[in-house]
Amino acid sequence: PNTKVFSIESYKNFISSRAFNCVDYNQRRENVFIIREQFDFFQPCPCAPGALSCGYHIMNAGFGCGYDCAYCFLQGYTNAPGLVFPGNLDDFFTQFKSCYYPGMRIGSGQFTDSLIFDHITGFSSELIRFFRGFPDVVFEFKTKSGNVDHLLKNSASSNIQISWTVNPDTVIANVELRTSSMGERIHAAVRCAQAGFRVGFHFDPIIFYAGWEEDYHAVVK
C-alpha cells in the first residue's frame, strides 16, 4: 500500500537515461517495472551450440529473479535495476495461438523464477486457465520456491506441471541464496501432487564437491 508508483515513457528510455551499476542490480528487488511487452513473447529454448534441440519453448513472463543463485546465468546476463513483468498477458496468449502446434512443451522460469512473486502477479491462475484449453500442450512452471498458495487456488489440469530444481541442503545454503529450502520445496511439491497437479524435479545443475555423491543420493531418496 505504501509503494511509490510513477509512469515512465518506456523501459528502454529509462535504462538509457543514466548509468546503472552493480549496486543498482543488487537492489533490484526494491523496484518493479510493469511493461507492455511487444517483442519477446515466446522463443525456442537456447540450447548449447551443436546440441540437438530439446524442443522446449520459453514464455517470457518476467525478467530478473529475486533469488541469488551463484551459478545462475542471470547473474551475468541481466543488468536491470529492477524486476520486469509484463502487464499484457492477453497479448502473450494471442501470440501463442500463432506458434502453437500439438505436442508443444512450453514453460516459464528461464529469465525469472516462475512462482517467487506469484502471490503478487497472480500469473499462475491466468496461465492455468488459458493452457487448460490446450490439452495437447504441456505447460511447466519451473521454480525454487515453496510459494504455491495462489497456484493451489486453481483446479489441476493434466497438462500443467510444476517442477522444482533440487539440490542437497549444503548446496542450497551456500550457493542458492534466498531460495526455499529443500524441505520447503518437497512440501510444496507434495501439496501440488495431492491437489492433482503433475510435478517434476530437475538436477540443474549438479555441483561437484567433496562428498557430493552421498549428498545427491540422499536427495534422490
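Now for a look at the structure at hand. (Residues numbered from 1 in each chain as written. Predicted model: local features only at pLDDT ≥ 70, side-chain atom pairs only at ≥ 80, totals over all residues. Heavy atoms only, no water.)

### Brief notes about a nonpolar patch on the surface
Defined as follows: Like charges are joined within 9 Å and nonpolar side chains (Val, Leu, Ile, Met, Phe, Trp, Tyr) within 5 Å, but only among residues with over 30% relative accessible area and no salt bridge; these make up the patches. Method for areas: the Shrake-Rupley scheme with a 1.4 Å probe, in which residue coverage is limited to the protein chains shown. Just to be clear on terms, a salt bridge is a Lys or Arg side-chain nitrogen sitting within 4 Å of an Asp or Glu carboxyl oxygen. Under the DSSP-based scheme used, a helix requires at least four consecutive residues in state H or I and a strand at least two consecutive residues in state E, with every element numbered from the N terminus. Exposed residues in this analysis have more than 50% of their type's maximum accessible area, buried residues have under 20%, and partly exposed residues fall in between, with area computed by a 1.4 Å probe over protein chains only.
Residues I186, V190 and F201 make up a contiguous nonpolar surface patch of roughly 240 Å² in combined accessible area. Mapped onto the elements, F201 comes out in strand β10 (residues 198-202). A relative accessible area of 45% places F201 in the partly exposed class.

### Considering helix α4 (residues 89-99)
The following threshold applies: The arc in question is the one spanned by the directions pointing from the helix axis to the C-beta atoms. Contacts: residue pairs with any heavy atoms within 4.5 Å of one another.
Listed as buried for α4 are L89, F92, F93 and F96. Projected down its long axis, α4 carries its buried residues within an arc of 100°, all on one side. In α4, those exposed residues whose orientation departs by more than 90 degrees from the buried face are D90, T94, K97 and S98. Packed against the buried residues of α4 are β2 (42-44), β3 (56-59), β5 (83-86), β6 (105-108) and α6 (123-131).

### Re the side chain of S124
We apply this condition: As used in this structure description, the phrase polar contact means that two N or O atoms lie within 3.5 Å; if the pair is within protein, one of them must be able to donate a hydrogen and the other to accept it, and residues adjacent in sequence are counted only when both atoms belong to side chains.
By the secondary structure assignment, S124 is in helix α6. Of the residues examined, S124 reaches a relative accessible area of 0% and is grouped as buried. Side-chain polar atoms of S124 contact the side chain of D118, separated by 2.6 Å. Leave out the neighbours within four places in its chain, and S124 touches L115, D118, F141, H150, L151 and N154.

### Some details on the packing of aromatic side chains
For the record, the criterion: Any Phe, Tyr or Trp ring, taking Trp's six-membered ring, that has another such ring centre within 6.5 Å forms a pair; planes under 30 degrees apart are called stacked, those over 60 apart edge-to-face, and the others tilted. Geometrically, a lysine NZ or arginine CZ counts as sitting over a ring once it is within 6 Å of the ring centre and also within 35 degrees of the ring normal.
The tally for this structure, following the rule as stated, stands at 24 aromatic pairs. With a centroid separation of 6.0 Å and an interplanar angle of 55°, the aromatic rings of F208 and W212 are classed as tilted. The exposure class of F208 is exposed, given its relative accessible area of 67%. Connected via pairs of aromatic rings, a cluster forms that spans F41, F42, F92, F93, F96, Y100, F130, F131, F134, F139 and F141. If you follow R28 out to its NZ or CZ, it ends over the ring of Y25, 4.3 Å from the centre. Sitting above the plane of the Y56 ring, K142 keeps its charged end 4.6 Å from the centroid.

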